[in-house]
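Spelled out from the first residue to the last, the chains are:
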Amino acid sequence: MKTKAYKRSDAKMALALLSPSILLLLVLVAYPMISNIQISFLELPLNPNLDSTFIGLQNYIDILTDAEFYKSLALTFGYTILVVVGSTGMGLLVAIFFNREFRFRKTARSLIILSYVTPSISLIFAWKYMFNNSYGVINYVGGDILHLWKDAPLWFDNPVSSFILVVLFAIWRYFPYAFISFLAILQTVDKSLYEAAEMDGASVWDKFKIVTLPAIMPVLATVVTLRAIWMFYMFTDVYLLTNKVNILGVYLYQTAFAFNDLGKASAISVILFVIIFVVIMVTRKRVNLNGGK
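From a predicted model like this one, the values you see are computed outputs, not experimental measurements. (Residues numbered from 1 in each chain as written. Predicted model: local features only at pLDDT ≥ 70, side-chain atom pairs only at ≥ 80, totals over all residues. Heavy atoms only, no water.)

**Remarks on the overall build of the protein**
The condition is simple: Where helices and strands are cited, they refer to DSSP runs of H or I of at least four residues and of E of at least two residues respectively, numbered from the N terminus. Our radius of gyration looks at C-alpha atoms and nothing else; its globule reference is 2.2 Å times the residue count to the power 0.38. Using a 1.4 Å probe on the protein chains alone, a residue whose accessible area is under 20% of its type maximum counts as buried, one over 50% counts as exposed, and one in between counts as partly exposed.
Along its length, the protein carries 13 helices and 2 strands. Scaling as 2.2 N^0.38, a compact globule of 293 residues should have a C-alpha radius of gyration of about 19 Å, whereas the protein reaches 25 Å, well beyond that. Referenced to the eigenvectors of the C-alpha coordinate spread, the extents of the protein come out at roughly 85 × 75 × 35 Å. By the burial criterion, 34% of the 293 residues in the protein qualify as buried.

Here you go:
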């Protein structure tokens, strides 16, 4: 009887301690989500004093029949895949390189994560200055010194070069997250496993496949999942760098604030949530956290 009383007391204490966090989640997450879903079925007037009109699934139909939506969706998938693969692969390679002793290793690590901890706005304007066609260092080196082109390219005014640059920016900006995660798990791997594999005649690739990959698989799945979610919802970096890359975040922003159609914007956000939820669930099911597929 005393054990049951203790369990009930512990449950009440746990609920009391968790209640502020639960309340915060309800206010900051649950209520906005429910409100957003509700707005997606309405046509909201510009004047907030006027009543909104219930239009059912019309916002969803308009979005799903809009060719621009599918262009933005394809662009977003391409952007997300390239950035996730690039930043994860780069982070893993740098982590493997840093997983050994050498002089100034701590200083080098600090420099590696500098791009991740620096405010985005500073990095974005630094890149815009670097690729400026009049006084940017890239055009100066490529045109005036190396003579690779005669006329300075307008890097952020061309859709193709803009897309390449926003992808490269995101890879460089966010690979330190993967680097930190992989380096932490690599430092827990027993070095004797590599020595045993080397004694058996394993190559560098064999040691990576047999020892390193199974050890980092849980972290790899987590990094890929989180980075895919963040990149799929990306807006700030792309919007501030260029207006030529119309990914879904930018498309949603324009729908909401350029065209003042909050109903359609809410419908887009709901569709985005469904898409990313399905993609992440399928990906997580295909990845065995114990290292298999």
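**What to know about the side chain of Ser72**
This is how it is decided: Any pair of residues with heavy atoms lying within 4.5 Å of one another is described as a contacting pair.
When you line up the elements, Ser72 lands in helix H3 (residues 67–98). Setting aside anything within four residues of it in sequence, one finds Ser72 in contact with Asn246, Ile247, Leu248 and Tyr251.

**Observations regarding the UniProt feature "transmembrane region" (unreviewed entry) in the protein**
In plain terms, the rule: UniProt positions are given in the numbering used here, feature names are shortened, and annotations may be inferred rather than shown by experiment.
Per the UniProt entry, the sites bearing "transmembrane region" (unreviewed entry) are residues 77–98, 110–130, 163–189, 210–233 and 265–283 in this numbering. In residues 110–130, helix accounts for 86% and strand for 0%; the two terminal C-alpha atoms are 23 Å from one another.

**With respect to helix H4 (residues 105–112)**
As a reminder, the rule being used: The directions considered for the arc run from the helix axis to the C-beta atoms.
Residues of H4 that are buried: Arg105, Arg109 and Ile112. Taken end-on, H4 shows its buried residues confined to a sector of 60 degrees, consistent with a single buried face. Residues of H4 that are exposed and point more than 90 degrees away from the buried face comprise Lys106 and Leu111. For H4, the elements touching its buried residues are H3, helix H5 (114–117) and helix H8 (159–186).

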